[in-house]
Amino acid sequence: FVIVVFSFHFDKNTTARAWCQAAAQKFTGGIGSKLCALLNVGETEKPRDPSSKHGSSEAEACGCSKATVSFSDLYSTENSSLLFLRPRRINDIVCYFLDLLPAMDGDMKTMNFLQEVVDILLAYIVESFDRSTKVIDFHYPNELLQRINWELSDEPETLDDILISCRATLKYAIKTAHPRYFNQLSTGLDMVGLAADWLTSTANTNMFTYEVAPVFVLLEYVTLKKMRAIIGWEDGRGDGIFSPGGAISNMYAMLLARYKMFPEVKEKGMSSVPKLAAFTSEHSHFSIKKGAAALGVGTESVICIKADERGKMIPSDLERRIVEAKQKGYVPFFVSATAGTTVYGAFDPLIAISDICKKYNIWMHVDGAWGGSLLMSRKHRWKLNGVERANSMTWNPHKMMAVPLQCSALLVREEGLMQSCNQMQACYLFQQDKHYDLAYDTGDKALQCGRHVDIFKLWLMWRAKGTIGFEAQIDKCLELSEYLYNKIKDREGYEMVFDGKASVLISLLWPQHTNVCFWYLPPGLRYLDDKVEKMKRLHKVAPTIKARMMEYGTTMVSYQPQGDKVNFFRMVISNPAATFEDIDFLIEEIERLGQDLSNIGKYV
């Protein structure tokens, strides 16, 4: 439902008829004609000619003629030196500057231009969900650089050129909403989330203070409290912030852990603290080491703990390495457990890890960027048992919850710690004598000054779906991964990276997340006795099939090596549009593209 409220006044130079014409030109979806009828502008409505074209404009419905706007002679620029220029002729075309808002009388041109952009976006969205279209129109970088002129010029381009650039950009973009796009952990496109993203860009504000982002600040407060309650922290108490991705959220956690143990480091730096040691699984995300490098802790001070055959951290090895580090003079200050590892989708045993952290007084962080959303599922949240004992948690709704990028939250159990750790009390932003509750000026607890509004997408989608809607979406993705696993585990030509048949317990727990890791063996490799030669050639199979997928544009799925294992496919499912038929298609496509690769690498 759309409610439009107008306040208008007709003077002697303005007629209702003229107003109707303007309304008919400005509004789409039949609104203009409805307004004309509502105002009863003095003419009896004529019956529409049945021979007239279907979908005639609102202007035609009013008996008005909607002006056709040509963008080839329109420009958008805020260069003040052009404000008072008269029209000038370029290549025999009269060009005008400042045609869009905030130009005077720029509202109609602006609305027509934005409507053209929206039409381009809507066509792309519809195409993205069409399985008969390509996931990607692939070109090599040098080809794509030459195909379109991407260079920036000193002179402004026309709006027609701008629209051409919009179309070209989407033509060569990856259709991440396509039901057969499985390449990354973040896939799909939610329509409510997209609408929220458009609104966020339209509002174009900063998250640092309540005075410039009142609604968004309150929505962040409400949503973070809800997420903390779902983790299991009493009454949702604690703190948190939305950050630019899981890597930054993990770095925030390490920063807080260091400050909690050694608050003097904020002013005096790393020279004031002893040698520190952080601990994480050998299968953890690279951002843990990257954060240690950025914070001055150093990558050599990040000790990687052994994982079992399913990719889970081994608690006994964690305790052994903590004791060993202490004996070497290090101070253990941070343990990062993973809930949903990037490759295997493994969930570390959080209860056992939390017992060790409590014993040695170490900050426990849970990197749930990938797996944290399983807390929304009553069927699967047990995989994060013990998360409520953590000091902090990273949770990325832009992954399993399919919120448009970017949307990552750091949740912290101790309230006020982020503020004391990060605040600088800049008086030009965080004045202490404002007339409202300063607790809602959240910017000083962030490392950033300018902070994008990431909350509205998640909040609006949550309103639209409810918790049960997210639960159903997540359960469906896990069901699809189980379907894939069961379909290929005994299928000729496929080998699982680790086989659930080896143990009844493993079979019950696999797949742990939507990650399904497997090799495809072309016919000539399946019975090759020389294991070394077999692995050397198998290492080249997944990259070759992936390259063919991209060149044909039919689907995309990731691959990588892991430890001593040669390249294998890592299938992940987070796209709400995917179906069982899409899983079947993927299997058949891998076989079609890989059946002739038996001799790959044979003579290399």
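On a predicted model such as this, the values are computed, not experimentally measured, just so you know. (Residues numbered from 1 in each chain as written. Predicted model: local features only at pLDDT ≥ 70, side-chain atom pairs only at ≥ 80, totals over all residues. Heavy atoms only, no water.)

Draft legend 1. Molecular detail of the packing of helix α4 (residues 107-128) against helix α6 (residues 159-171). Orientation of α4 relative to α6, taken along the N-to-C sense of each, is 15 degrees, at an axis distance of 11 Å. With respect to α6, the axis of α4 lies roughly parallel. Crossing of α4 over α6 shows right-handed handedness. Residues Phe113, Glu116, Val117, Ile120, Leu121 and Tyr124 of α4 pack against Leu159, Ile162, Leu163, Cys166, Arg167 and Leu170 of α6. For the contact of α4 with α6, a count of residues per class yields 10 nonpolar, no polar and 2 charged. (Axes fitted to C-alpha atoms, helices over the stretch in contact; angles between N-to-C directions. Helix = DSSP H or I, 4+ residues; strand = E, 2+ residues; numbered from the N terminus. Parallel < 35°, antiparallel > 145°, perpendicular 65-115°, else oblique. Left-handed = near helix turned anticlockwise from the far one by under 90°. Contact = heavy atoms within 4.5 Å. Nonpolar A, V, L, I, M, F, W, Y, C, P; charged D, E, K, R; others polar.)

Draft legend 2. Examining the pairing of strand β13 (residues 556-562) more closely. Of all 7 residues in β13, 5 are buried, a share of seventy percent or more. Bridge count between strand β3 (residues 181-182) and β13: 2 bridges; the pairing is parallel. Across the sheet, Phe182 pairs through a bridge with Val557, a residue of β13. One ladder, built from 4 bridges, connects β13 with strand β14 (residues 565-571); its direction is antiparallel. Across the sheet, Gln562 pairs through a bridge with Lys565, a residue of β14. (Buried < 20%, exposed > 50% of the residue type's maximum accessible area, 1.4 Å probe, protein only. Pairing = 2+ DSSP bridges.)

Draft legend 3. Geometry of helix α12 (residues 315-327). With 13 residues, α12 extends 19 Å from end C-alpha to end C-alpha; this agrees with the ideal 18 Å at 1.5 Å per step. Burial in α12 covers these residues: Asp317, Leu318, Ile322 and Ala325. Buried residues along α12 cover an arc of 140 degrees about the axis, so they all sit on one side. The outward face of α12, more than 90 degrees from its buried face, is lined by the exposed residues Ser316 and Gln327. Looking at the packing, one finds that the buried side of α12 touches β5 (276-281), β6 (302-305), β7 (331-338) and α13 (350-360). Just beyond α12, the residue with positive phi is Gly329, at close to 95 degrees. (Expected span 1.5 Å × (residues − 1). Arc of directions from axis to C-beta.)

Draft legend 4. Quick peek at the packing of helix α7 (residues 191-203) against helix α15 (residues 455-488). Running from N to C, α7 and α15 cross one another at 140 degrees; their axes reach a closest spacing of 8 Å. Between α7 and α15, the crossing angle belongs to the class labelled oblique. The way α7 lies across α15 gives a crossing that is right-handed. Contact residues: Val192, Gly193, Ala196, Asp197, Leu199 and Thr200 in α7; Phe456, Lys457, Leu460, Met461 and Ala464 in α15. Among the residues forming the contact of α7 with α15, the class breakdown is 7 nonpolar, 2 polar and 2 charged.

Draft legend 5. Focus on the nonpolar core. In terms of nonpolar packing, the biggest core is built from 97 residues, with Trp395 and Met571 touching the most fellow members. By residue number, the principal contributor to this core is α15, which donates 14 residues. Counting residues in each nonpolar core, the second largest holds 28 residues, with Val297, Phe334, Trp363 and Met418 among its members. (Core = buried A, V, L, I, M, F, W, Y, C linked by side-chain atoms within 4.5 Å.)

Draft legend 6. The side chain of Asp197, seen in detail. Take Asp197: it is sitting in helix α7. Here Asp197 sits buried without a salt bridge, and the closest side chain of opposite charge, Lys457, lies 4.2 Å off (N-O distance). (Lys, Arg positive; Asp, Glu negative; His and termini not counted. Salt bridge = Lys/Arg side-chain N within 4 Å of Asp/Glu carboxyl O.)

Draft legend 7. Summary view of the environment of Ile600. By the element assignment, Ile600 lies in the segment after α19 (580-594). Taking relative accessible area as the criterion, Ile600 reaches 16% and is therefore assigned buried. In sequence terms Ile600 and His539 are 61 residues apart; their C-alpha atoms lie 9.5 Å from each other. Excluding anything up to four places from it in sequence, Ile600 contacts Arg537, Lys540, Val541 and Thr544.

Draft legend 8. Examining the sheet that holds β13 more closely. Across the sheet, 5 strands lie side by side as β3-β13-β14-β12-β11; this open sheet has mixed pairing. Sheet topology places β3 and β11 (494-496) at the edges, where each strand pairs with a single neighbour. Judged from the 3 bridges that link them, β11 and strand β12 (residues 516-520) form a sheet pairing that is antiparallel. The partner of Tyr494 across the bridge, within β12, is Tyr520. Across the face of the sheet, α15 comes into contact with β11, β12 and β14 while running at roughly 30 degrees to β12. Packed onto the sheet, helix α18 (residues 541-552) meets β12, β13 and β14 and runs at close to 160 degrees relative to β13.

Draft legend 9. Main features of the UniProt feature "modified residue: N6-(pyridoxal phosphate)lysine" (unreviewed entry) in the protein chain. The residues that UniProt annotates with the feature "modified residue: N6-(pyridoxal phosphate)lysine" (unreviewed entry) are Lys399. With respect to the helices and strands, Lys399 occurs in the loop between β9 (392-395) and β10 (408-412). By relative accessible area, which is 14% here, Lys399 ends up buried. (UniProt positions renumbered as here; feature names shortened; annotations may be inferred.)

Draft legend 10. Molecular detail of the pairing of β10. Here β10 lies mainly inside the structure; 5 of its 5 residues are buried. Neither face of β10 is exposed, since Ser408, Leu410 and Val412 on one face and Ala409 and Leu411 on the opposite face are all buried. Bridge count between strand β4 (residues 239-243) and β10: 5 bridges; the pairing is antiparallel. When the sheet's bridge partners are listed, Asp239 is paired in β10 with Val412. Strand direction decides the pairing type here: β9 and β10, joined by 4 bridges, are antiparallel. Bridged to Thr394 within β10 is Leu410.

Draft legend 11. Local environment of the environment of Thr338. Structurally, the position occupied by Thr338 is in strand β7. Leaving out residues up to four positions away in the same chain, Thr338 has contacts with Ser284, Ala346, Phe347, Asp348 and Asp367.

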